[in-house]
Amino acid sequence: MDVTFDNITYTVSTGKREKKTVLNGVSGRFQSGELTAIMGPSGAGKSSLLNILTGYTTHGVKGTLAFGSSGSTNRKLCSYILQEDYLQPLFTVHEIMLMACDLKVSSDSLNRSEKLRLVDKILDTLHLSYCKQTRCGSLSGGQRKRLSIALELIDNPPILFLDEPTTGLDSSSSLYTIKLLQGLAREGRTIVCTIHQPSATVYEMFDHVYVLAEGHCVYQGSALNTVPYLRSVGLHCPAYHNAADYLLEVTNKEYGNFTKALAKAATDPSWRLAPLVDRLGGGGGGGVPAALPPCPPAYDSNHNDAIYQGHRKEVAVVVPLVGPVDQLPGKMADQSQRRPSEFAKLLILMKRSNIQLYRDWTVTHLKLFVHIVCAIVIGLLFGDSGINATKSISNVASFMVHILYLWYTTVMPGVLKYPYEMNILKKESFNRWYKIRTYFVASMLTSLPVQIFFAIVYATIVYAMTYQPCELERYLMFTAVLVLNTIVADGFGLFLGTFLNEINGTFIGAIMTCFMFVFCGFLIMFSHMSDAMRGISYLSSHRYSFEALVLTAYDDSRSDLVCPKDEMYCHYVKANTIMRELGVVSGNYLFNVVTLVVHFVAIKVVGFWTLKRKLKMG
């Protein structure tokens, strides 16, 4: 499937009324079976063009784009590999490949054994078999890049886009990655990548080069025709100079402004044909003496070799992956159209999230241990405040400690977790692994039981150690409030993590928590607040949690508290005394619980909206 685009213009806003044109009516054709490189200096528009071709950028774009001979605009047969290799660090290479295979290929298309063979074949082809049991977090840069490519090859896309695939790799890994892409292209795929400044060896391996400068196409043709092309407009590449480096120097205007002349010359389609080393007379590029082999080398498509005068140089070893895209047998040929249902994907994502939670000891094992330790310490600190009439104020204060502790320990992990998760989600959802709502529901269904369990463990310990009323109903009411407080905090963490970055999210989360704490009705009673401040207090989730805990401990005709024998007078022996002084209305427990549920639903809906907004903004 060829990629054809015509008169693509892309503008972005730089101010209230100012706009900048990034691409100025560029046109081109990227053919199947070829490895194409989009090049240009920084700010030339190469990443913008790639984002437009993949559909990553749609706003401010004009022009036409078509895939295949039928002129389709459907991007479902394309895959996009981003510059950064965001992978789940806690899974092994084999595990992450199998999960991707389950998300992309239905069991009706391939059974389990066939999926295993497909995964093993891809890993073997990309030389990843030896590290299949290695966790992704321990892979080298080159291995991570190859794994990113392997994940997208599972459903055998005919068109593959890559953004800077050699960034961060050493020269050896870069060369191997480009060889791999060249081999994939030879199987009939259309491979398009951006690259900044390739070495001479890497540059010669590109079948087609598309060069941008100031939003204009200044060259589109074979990499082997670069030197003759530049010579045609009066630019002579120095002897033994890397043609790619010289081309970038020209586009950076180091030898003058040749952008218009090059843009006009680039419209000649013959430069993408067989090497034209003799077009202008003289063999060889960059002023190489005639006695030396022509540079750059010519390509012989019959042998997959670079042919020099008198000798050959091997450039790639093509290992068939699952066969050329237009010659796949039976099931394989249809697997891109036969994907699992969203419900099946939901179950797979839930399984993945559960494994991740189990292996991430910082948010499971360590958090559970800290919950138990902190609950014991708090229990020892507040002692018998739940039954001792002289410690009623301390008991009420302990309720605020419970609320704040569970709130902070739930919000902050979400604030720090989601920014990294967003990068993985962005990649996987854009390449149609699953829908955003499927991920959202799977994440919620796996995290909520864990949060609820941790809250129950904490609540049980502090309830017993602070001598709260020994009544099952009150214990269940107490635990329910802390569970609701925890899951509201989980939703709040999702909102902050998807709306802000880690630093701003941590700062805003702390500030908003402090304000909710102030308006809960303990540090300053509602009767002492102005009408405006009392109105603001209704927005605080802590208000409802605090009031519900007070009602749990002291409402419903609770028996008198114990006044120690060494005390002459205990003001709070009667349970309703503390409620009256705090301004808590009797019988309001259900209202507070329902309000917390409404807060949970509302913050989850807002969190889903911010998640979609973040992904759409890129």
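Residues numbered from 1 in each chain as written. Predicted model: local features only at pLDDT ≥ 70, side-chain atom pairs only at ≥ 80, totals over all residues. Heavy atoms only, no water.

What should I look at first to understand the UniProt feature "transmembrane region" (unreviewed entry) in the protein in this one?
Residues given the UniProt feature "transmembrane region" (unreviewed entry) here are residues 368–387, 399–418, 439–463, 475–500, 507–529 and 589–611. Here residues 475–500 runs as 96% helix and 0% strand, with 37 Å between its end C-alpha atoms. (UniProt positions renumbered as here; feature names shortened; annotations may be inferred. Helix = DSSP H or I, 4+ residues; strand = E, 2+ residues; numbered from the N terminus.)

So what exactly am I meant to see when it comes to the pattern of salt bridges here?
Pairs can form between side chains of opposite charge once their charged atoms are near each other. Counting across every chain of the model gives 19 salt bridges. Measuring nitrogen to oxygen at the nearest pair gives 2.9 Å for the salt bridge that ties arginine 186 to aspartate 207. In this pair, arginine 186 is assigned in helix α5 (residues 171–186) and aspartate 207 in the loop between α6 (200–204) and β8 (208–213), connecting sequence segments 21 residues apart. Take arginine 186: its relative accessible area is 25%, and that puts it in the partly exposed class. Aspartate 207 sits in the buried class, given a relative accessible area of 16%. Here glutamate 342 and lysine 345 are joined by a salt bridge, their closest N and O atoms 3.5 Å apart. Pair noted here: glutamate 342 and lysine 345 are both in helix α11 (residues 342–359), with a separation of three residues, about one helical turn. A relative accessible area of 23% means that glutamate 342 is categorised as partly exposed. (Salt bridge = Lys/Arg side-chain N within 4 Å of Asp/Glu carboxyl O. Buried < 20%, exposed > 50% of the residue type's maximum accessible area, 1.4 Å probe, protein only.)

Looking at this model, I keep getting lost on the packing of helix α13 (residues 392–430) against helix α14 (residues 436–465). Mind explaining?
How two helices sit against one another is set out by the angle between their axes and by the gap between those axes. With their axes 12 Å apart at the nearest point, α13 and α14 run at an angle of 160 degrees to one another. Here α13 is positioned roughly antiparallel relative to α14, judged by the angle of their axes. As for the relative orientation of α13 and α14, their crossing is right-handed in sense. Across the interface between the two elements, His402, Tyr405, Leu406, Thr410, Lys417, Tyr418, Glu421, Leu425 and Ser429 from α13 touch Ile436, Tyr439, Ser443, Gln451, Tyr458 and Val462 from α14. Considering only residue class, the contact of α13 with α14 consists of eight nonpolar, five polar and two charged. (Axes fitted to C-alpha atoms, helices over the stretch in contact; angles between N-to-C directions. Parallel < 35°, antiparallel > 145°, perpendicular 65-115°, else oblique. Left-handed = near helix turned anticlockwise from the far one by under 90°. Contact = heavy atoms within 4.5 Å. Nonpolar A, V, L, I, M, F, W, Y, C, P; charged D, E, K, R; others polar.)

Can you help me understand the sheet that holds strand β9 (residues 216–221) in this one?
Sheets are built from strands that pair by backbone hydrogen bonding, the pairs being arranged parallel or antiparallel. Strands sit in the order β5-β6-β7-β3-β8-β9 across an open sheet of six strands; the sheet is mixed. This sheet does not close on itself; its edge strands, each paired only once, are β5 (78–81) and β9. Neighbour-to-neighbour, the strand axes of this sheet turn through a mean angle of 15 degrees, independent of strand direction. Here strand β6 (residues 159–163) pairs with strand β7 (residues 190–194) via five bridges, running parallel. Residue pairing across strands places leucine 160 opposite isoleucine 191, the latter belonging to β7. Where α5 meets the sheet, its contacts fall on β3 (35–39), β6 and β7, and the angle it forms with β3 comes to roughly 130 degrees. Its contacts with the sheet put helix α8 (residues 243–251) on β3, β8 and β9, and the angle it makes with β8 is roughly 25 degrees. (Pairing = 2+ DSSP bridges.)

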